[in-house]
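Spelled out from the first residue to the last, the chains are:
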Amino acid sequence: AAARRTSPPGKKLSTLPRIESSTVGLDSIEAAADAEHRAAARREMPGGPAWREAAERASAGGSCELALIERGLDDADVIALVASLQREAAGSALTGSRPINNVTSLDLRGNAIGDAGAAALSGLLRGEGCAICTLRLWGNRIGDEGGAALVSALARPNSSLTSLDLGKQGQPVGDAVAAALASSLPRCACPLQTLDLRYCGMTDKGALPLAAALPRCRALRFLDVRYNAIGATGATALAVALGRADSALRVWVTSNAYNDQDAADLAALLSVDPTTAPLAEGQERLWF
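Note that the structure is a prediction, hence the values are computed from the model and not measured. (Residues numbered from 1 in each chain as written. Predicted model: local features only at pLDDT ≥ 70, side-chain atom pairs only at ≥ 80, totals over all residues. Heavy atoms only, no water.)

Caption draft 1: Quick look at the packing of aromatic side chains. If you walk through the whole model with that rule in mind, you get three aromatic pairs. Between Trp138 and Tyr199, the aromatic rings sit 5.8 Å apart at their centres with planes inclined by 85°, giving edge-to-face as the arrangement. Note that Trp138 is positioned in the loop between strand E3 (134–136) and helix H5 (144–152) and Tyr199 in the loop between strand E5 (194–196) and helix H7 (204–213), a separation of 61 residues in sequence. Note on Phe222 and Trp252: the rings are 5.8 Å apart at their centroids and 25° apart in plane angle, and the pair reads as stacked. Of the two residues, Phe222 is situated in strand E6 (residues 222–224) and Trp252 in strand E7 (residues 250–252); the sequence distance between them amounts to 30 residues. Owing to a relative accessible area of 34%, Phe222 belongs among the partly exposed residues under this scheme. Looking at Trp252, the relative accessible area reads 5%, which means it is buried. These aromatic residues form a ring-pair network of at least three members: Trp138, Tyr199 and Tyr227. Above the ring of Tyr199, the side-chain terminus of Lys168 is found at 5.9 Å from the ring centroid. (Phe/Tyr/Trp six-rings, centres within 6.5 Å; stacked < 30°, edge-to-face > 60°. Helix = DSSP H or I, 4+ residues; strand = E, 2+ residues; numbered from the N terminus. Buried < 20%, exposed > 50% of the residue type's maximum accessible area, 1.4 Å probe, protein only. Lys NZ or Arg CZ within 6 Å of the ring centre and 35° of its normal.)

Right, dumping it as structure tokens:
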């Protein structure tokens, strides 16, 4: 069987792709994804000082990006980091210094952050004056409670978060995160545009409420739920919801738990339903 066909963002498709049986195992795909993230870590944090020194340097130098990738950070480290950010923000008005919380991009991929660390980050995102636009947490150990706490912070008034990566946690958090998203996104005050939920163990149980929320998510532009356990029911719900959502939204659903016949049935549905027919006409909004 031919390898599963996918399309990266920006690549045009003349027709809607049909999912095919993959000859590549998920272990190989995960290994490649991990290698990609390790390469990014080497580019963004080549050795360097300990995380506390990096945070202080970001503050002193006025940097807007703080990358602490594969630094072995656990919950205690992240709680301390958050406390530093909050303390610096509180003291900046008196000292006239640039607060660390002016960092707009926080990259914590490949660490050992769990629910307690995620809850601390949620508190940071909820704080007044937080300027973080991008939060990357790929490859940590966040569970249901931590994932839901992070997502709930999206509803904070005047939030600046535009990109959130919760992919590949150490346990299947997809359904809990999706349920929290379904509650938070429709009333989301922040301009969240990109959401990465790959390798999260999401099933139809999570995909259905997430699909129901999509038409009300005005700011969302890219939703990536590849490499989960979404079946034909969930994939169909996402497709139908996409037909009713903002025309700028793109969704990636490849490499989930539906088969070739399910994909063919979905393609047929897209072509006859008036709300989804444009998805089957080369508008490149859905990859499945």
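Caption draft 2: Representation of the side chain of Arg226 within the structure. Within the secondary structure, Arg226 sits in the loop between E6 and helix H8 (232–244). When near neighbours in sequence (up to four residues on either side) are disregarded, Arg226 contacts Leu197, Arg198, Tyr199, Trp252, Val253, Thr254, Ser255 and Asn256. (Contact = heavy atoms within 4.5 Å.)

Caption draft 3: Focus on the state of the cysteines. Tallied over the entire structure, the rule returns zero disulfides. Note on Cys133: no disulfide assigned, nearest cysteine sulfur contributed by Cys130 at a separation of 8.7 Å. (Disulfide = S-S within 2.5 Å.)

Caption draft 4: Representation of the pattern of salt bridges. Per the stated rule, a full pass over the model turns up five salt bridges. One salt bridge in this structure joins Asp196 and Arg198, with 2.7 Å as the shortest N-O distance. The class of Asp196 is buried, set by a relative accessible area of 12%. Between Asp224 and Arg198 there is a salt bridge whose closest N-O contact spans 3.8 Å. (Salt bridge = Lys/Arg side-chain N within 4 Å of Asp/Glu carboxyl O.)

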